[in-house]
Amino acid sequence: MSPAASDPESSLNNESKVLLTHSAERDLEAIYGYIAENDSQANANYVLDNLLEVAESLAAFPERGSYPKELLALGIREYRQAYFKPYRLIYRVHGKQVIIYLIADGRRDMQMLLMRRMLGV
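Residues numbered from 1 in each chain as written. Predicted model: local features only at pLDDT ≥ 70, side-chain atom pairs only at ≥ 80, totals over all residues. Heavy atoms only, no water.

(A) Molecular detail of the packing of aromatic side chains. In this structure the tally under the stated criterion is two aromatic pairs. With a centroid separation of 6.0 Å and 65° between ring planes, the pair formed by Y46 and F84 is classed as edge-to-face. Highlighted residues: Y46 in helix 4 (residues 41–57) and F84 in strand 2 (residues 80–84), separated in sequence by 38 residues. Classification of F84 by relative accessible area gives buried; the value is 17%. The ring of Y83 carries K85 above its face, with NZ or CZ at 5.4 Å from the centroid. The aromatic ring of Y79 is capped on one face by R92, whose charged end is 5.2 Å from the ring centroid. (Phe/Tyr/Trp six-rings, centres within 6.5 Å; stacked < 30°, edge-to-face > 60°. Helix = DSSP H or I, 4+ residues; strand = E, 2+ residues; numbered from the N terminus. Buried < 20%, exposed > 50% of the residue type's maximum accessible area, 1.4 Å probe, protein only. Lys NZ or Arg CZ within 6 Å of the ring centre and 35° of its normal.)

Put into C-alpha cells, the structure is as follows:
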C-alpha cells in the first residue's frame, strides 16, 4: 500500500477546495426558501443536500463539468457546469480552487442570467 492510500489526509491534499461566492450562497438560500414555502421543508432539505453534494464532489474532479452552451456561444470557455437537475452550478477552476458563481434552475432564461451575473451586462 502506498503512503497516500493508507493516509486519508494525504489524499485530501490532492483535492481542490470548493468555494461559493456570495451570489451563489444567495442562490442556495433563495432556492431553499422557494421550495420550503411552495412545497415542503423536507423537499427543500433534499434539494439543498443534493446541491451541496454536487458542489463538494467538484473537489475531486473539478474538470469533469461541461462548458455552458450559452457562454460557449460567446467564445467563453473558462466556466464549467455541474447539474442536480433541473439546477445548474456554474463554476470556474483556479488552480486548486473551484469557485461556484451561480446556482440556478436551468429552466430559467440562462442566457440572460449568465450575461448579467457572469459578464456584468
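Now that the structure has been shown, the text picks up again.
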